[in-house]
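Here are the chains, one letter per residue:
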Number of protein chains: 2
Amino acid sequence: MNAPYPIEAALRDLAARVEGQLRAAAERQGLAGPPRLAGAFGYALLGGGKRLRPALVLASAQAVGGDASDGSLAMRFAVALEMVHTYSLVHDDLPCMDDDDLRRGRPTVHRAYDEATAVLVGDGLQSAAFAWLLAEPDARAAALARLLADGATRMVEGQALDMAAEGRRLSEPEVHDLMARKTGALLQAAVVGGALAGCGEIRGMDEVGRELGLAFQIADDLLDLTSDAATLGKAAGKDAAAGKATLPSLVGPEEARRRAEALCQSADARLAPLGARADLLRALARYVITRRS
Amino acid sequence: MNAPYPIEAALRDLAARVEGQLRAAAERQGLAGPPRLAGAFGYALLGGGKRLRPALVLASAQAVGGDASDGSLAMRFAVALEMVHTYSLVHDDLPCMDDDDLRRGRPTVHRAYDEATAVLVGDGLQSAAFAWLLAEPDARAAALARLLADGATRMVEGQALDMAAEGRRLSEPEVHDLMARKTGALLQAAVVGGALAGCGEIRGMDEVGRELGLAFQIADDLLDLTSDAATLGKAAGKDAAAGKATLPSLVGPEEARRRAEALCQSADARLAPLGARADLLRALARYVITRRS
């Protein structure tokens, strides 16, 4: 890539396309029953966001020469994956989990509605994701649903590992395992699923997805560190980081940054044989570790 | 059927077979991550119970002449369906939902463990169900997963309808809609899925499943009425029933019992052409409305 890829603009375009498809999914596959439930479903799903996971699916499908248009299986998988990601946010925000009042600048679902509705919307988002993905229940959709189910299960395991880690210092392999499950599993599923939807084969995208998932989480933890330091003063930020099960807290921010860069370069090298078709995916990999939010 | 079908013994045998398969699923598809999560997963899934839904799947597969052995697709679907049913119980018991301390005579998951673990175990049970069902991701497994996803979505809608009904009197169509979603959807999916797994076609089992699902819920509400009356005195039982969105509270217990009987007879008539192969399913339909617990 010689000229810088206009990744911010590309991401905005992708997010707009995904938003349209999420809206269609909410209309056709959303929850019936009481209006309050349907309202909360739309509130959770159409609340904006960068839509990074669906963008990765589409970029991966494009990288293997597959169809990434609005009517493609890749887009269907992208929407299903974002529904699963959204369910996890709704449940993670619950009082018994992270107890968050705000998500993307708006009240969380259990704040805007109530706890029971938030539990049900999360549950319904997960089943609606599988129903949406399996609209044409053929073998390829089945393979994608299997991939999504495995990613979702590993994500739950990662969340539990994170809870169990509170107050104790993890070893580096433990932190890697936590990252690989908590956010890594779904990001990896995005990259692998894009290839699977695009050309029916995984084509070595599992390694690319794994590296990208880890790089994303390291970058995320570094961003948290920066914002903690800005909010609390640098020393307090360091203290806060030291208590968390993150790679920056374990090896220090500089070394963590080097590792994220190395992961990104490795993914880049793996994508080299795919040529220009992989430009978007390469640019997303770079964006993942350079983004400011 | 001339001689009475030994349904209690048959159900015990089926439940034991299902229990063995659930154990295998928990071992191979259970949650990794912290031991606490895996423990809670097994606690929730292997807590006993009649295993009525898996029994319906296997009986339905048998009724259409399909394979209902331990290694069959019908058994795989039966286990997946029970995992979805179990997730719904774990989440329904949460403090923000029904706030129950006991389930099948043991502390509920959030009591035996904690709320966050109960949320995660429920979430993980749902994704593990799809992963288990899609072990061989072919078109038939995809169709079954689609059926399961739709049933699970309708179940969530039913739960929300039930919550929304609190304190107001529903019309008869509203009560029917509630019953059809809340418990009916998964029971119908059991009967339809058994046929689909058994012979690749639905074979009119959707109507049998619908009738059986409604009959089950009416019988359940009648059982609640009896136990309320026994506990609180007959008048109090009637009062309690009047406040609930159930068919017995709307049309009275005698009329409700007649309707359940009529639904059961209708299902029976639909099964007549299948002959002796459908004996187990017919006996289960009868058991659904005559059981004492």
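Along each chain, the written sequence defines residue order, and numbers are assigned to residues from 1. Here the convention is simple: chains get letters from A, ligands get numbers from 1, in the order in which they are written. pLDDT decides what is reported in this predicted model: residues at 70 or higher carry local features, side-chain atom pairs at 80 or more are listed and counted, and totals for whole chains, interfaces and linings draw on all residues regardless.

A.B. asks: Any chance you could explain the overall build of chain A here in plain terms?
C.D. replies: Helix numbers and strand numbers start at the N terminus; a helix is a DSSP run of H or I with at least 4 residues, a strand a run of E with at least 2. Broken down by element type, chain A carries 13 helices and two strands. For a compact globule the rule gives 2.2 Å times the number of residues to the power 0.38, and the radius of gyration it is set against comes from C-alpha atoms. Expected size for 293 residues packed as a compact globule is a radius of gyration near 19 Å; at 19 Å, chain A falls within 12% of this value. Counting only C-alpha atoms and orienting by the principal axes, one finds that chain A spans roughly 50 × 50 × 30 Å. Every C-beta atom is placed from the backbone, and the number of other C-beta atoms within 10 Å of a residue's own sets its class: buried at 20 or more, exposed at 12 or fewer, partly exposed in between. For chain A, buried positions account for 55% of its 293 residues. The contacts in chain A between residues at least 6 apart in sequence include a share of 69% that link residues at least 24 apart. Placing C-beta atoms from the backbone, we regard two residues as in contact once those atoms come within 7 Å.

A.B. asks: Any chance you could explain the environment of B:Pro253 here in plain terms?
C.D. replies: Residue and element names in this part refer to chain B. Assignment of secondary structure puts Pro253 in helix 12 (residues 253–271). The sequence separation of Pro253 and Leu225 amounts to 28 residues, and the corresponding C-alpha distance is 8.5 Å. Setting aside residues no more than four positions away along its own chain, Pro253 makes contact with Leu222, Leu225 and Pro248.

A.B. asks: Help me understand the environment of B:Asp70 in this model?
C.D. replies: Mapped onto the elements, B:Asp70 comes out in the loop between helix 3 (52–63) and helix 4 (73–92). Placed 49 residues apart in sequence, B:Asp70 and B:Gln21 show a C-alpha to C-alpha distance of 7.4 Å.

A.B. asks: Quick question: what am I supposed to make of the packing of helix 6 (residues 115–133) of chain A against helix 6 (residues 115–133) of chain B here?
C.D. replies: The relative placement of two packed helices is expressed as an angle between their axes plus a distance between the axes. For helices, the axis comes from a line fit to the C-alpha atoms of the stretch in contact; other axes are also lines fit to C-alpha atoms, and the angle between any two N-to-C directions lies between 0 and 180 degrees. Remark: helix 6 of chain A packs on helix 6 of chain B, axes separated minimally by 10 Å, with the N-to-C direction vectors making an angle of 10 degrees. Comparing their axes, helix 6 of chain B and helix 6 of chain A come out roughly parallel. Between helix 6 of chain A and helix 6 of chain B, the contacting residues are A:Asp123, A:Gln126, A:Ser127 and A:Phe130 on the first element and B:Asp123, B:Gln126, B:Ser127 and B:Phe130 on the second. Partitioning the contact of helix 6 of chain A with helix 6 of chain B into residue classes produces two nonpolar, four polar and two charged. Small angles under 35 degrees read as roughly parallel and large ones over 145 as roughly antiparallel, with 65 to 115 read as roughly perpendicular and the rest as oblique. Three classes are used, and their members are as follows: Ala, Val, Leu, Ile, Met, Phe, Trp, Tyr, Cys and Pro are nonpolar, Asp, Glu, Lys and Arg are charged, and the others, Gly among them, are polar.

A.B. asks: How should I be thinking about helix 8 (residues 172–199) of chain B in this particular structure?
C.D. replies: Working note: α-helix, 3.6 residues per turn, so residues spaced by three or four point in the same direction. Residue and element names in this part refer to chain B. Bend angle per residue: angle between axes fitted to the 7 residues ending at that residue and the 7 residues starting there. In the structure, helix 8 departs most strongly from a straight axis at Gly184, where the bend amounts to approximately 65 degrees. Burial analysis of helix 8 places 22 of its 28 residues in the buried class, the great majority of the element. The first or second residue beyond helix 8 is Gly200, which carries a positive phi of 80 degrees.

A.B. asks: What's the story with the relation of the copies chain B and chain A in this structure? I'm lost.
C.D. replies: One copy of the chain maps onto the other through a rotation about an axis plus a displacement along that axis. The copies were overlaid with a least-squares fit restricted to C-alpha atoms from residues scoring a pLDDT of at least 70 in each copy. Superposition of chain B onto chain A requires a rotation of 180 degrees combined with a translation of 0.0 Å along the rotation axis, giving an RMSD of 0.0 Å. Interpreted geometrically, this transformation is the action of a two-fold axis. Residue by residue, 100% of the interface of chain B is reproduced at the interface of chain A, so both copies engage with the same surface.

A.B. asks: Sorry, what's going on with the interface of chain B and chain A here?
C.D. replies: When the parts of a complex come together, some accessible area is lost, and that lost area is often used as the size of the interface. On the side of chain A, 43 residues touch chain B, which itself brings 43 residues to the contact. Of all the secondary-structure elements, those providing two or more residues to the side of chain B that touches chain A are helix 2 (35–45), helix 6 and helix 7 (139–165) of chain B. Among the elements that take part in the side of chain B that touches chain A, helix 7 of chain B stands out by supplying 18 residues, more than any other. For the side of chain B that touches chain A, the residue count by class is 27 nonpolar, eight polar and eight charged.

A.B. asks: When you look at unusual backbone geometry in this model, what are you seeing that I'm missing?
C.D. replies: Trans is the prevailing form of peptide bonds, just as negative phi is the prevailing case for residues other than glycine. Residues and elements named next belong to chain B. With a phi close to 50 degrees, Asp99 is a non-glycine residue in the positive phi region. Assignment of secondary structure puts Asp99 in the loop between helix 4 and strand 1 (102–103). Here Arg104, not a glycine, exhibits a phi torsion of approximately 50 degrees, which is positive. Along the chain, Arg104 falls in the loop between strand 1 and strand 2 (106–107).

A.B. asks: What is the right way to read helix 1 (residues 7–29) of chain B from this model?
C.D. replies: Residues and elements named next belong to chain B. Take the number of residues in a helix, subtract one, and multiply by 1.5 Å to get its expected span. Its 23 residues place the ends of helix 1 31 Å apart at the C-alpha level, agreeing with the 33 Å of an ideal helix rising 1.5 Å per residue. Those residues of helix 1 lying buried are Ile7, Leu11, Leu14, Val18, Leu22, Ala25, Ala26 and Gln29. Residues of helix 1 that are buried in the fold lie against helix 2, helix 3, helix 4, helix 6 and helix 13 (279–290).

A.B. asks: Looking at this structure, how should I read the confidence of the model for chain A?
C.D. replies: Atomic detail in the predicted coordinates should be set aside for any region of low pLDDT. All names here are of chain A. Known as pLDDT, the predictor's confidence for each residue is given on a scale from 0 to 100. With 94% of its residues at a pLDDT of 70 or more, chain A shows a mean pLDDT of 92. Predicted confidence for residues 235–241 stays below pLDDT 50, and this span has 11 contacts to residues more than four positions away or in other chains. The ipTM value of the predicted complex is 0.94, and its pTM value is 0.95.

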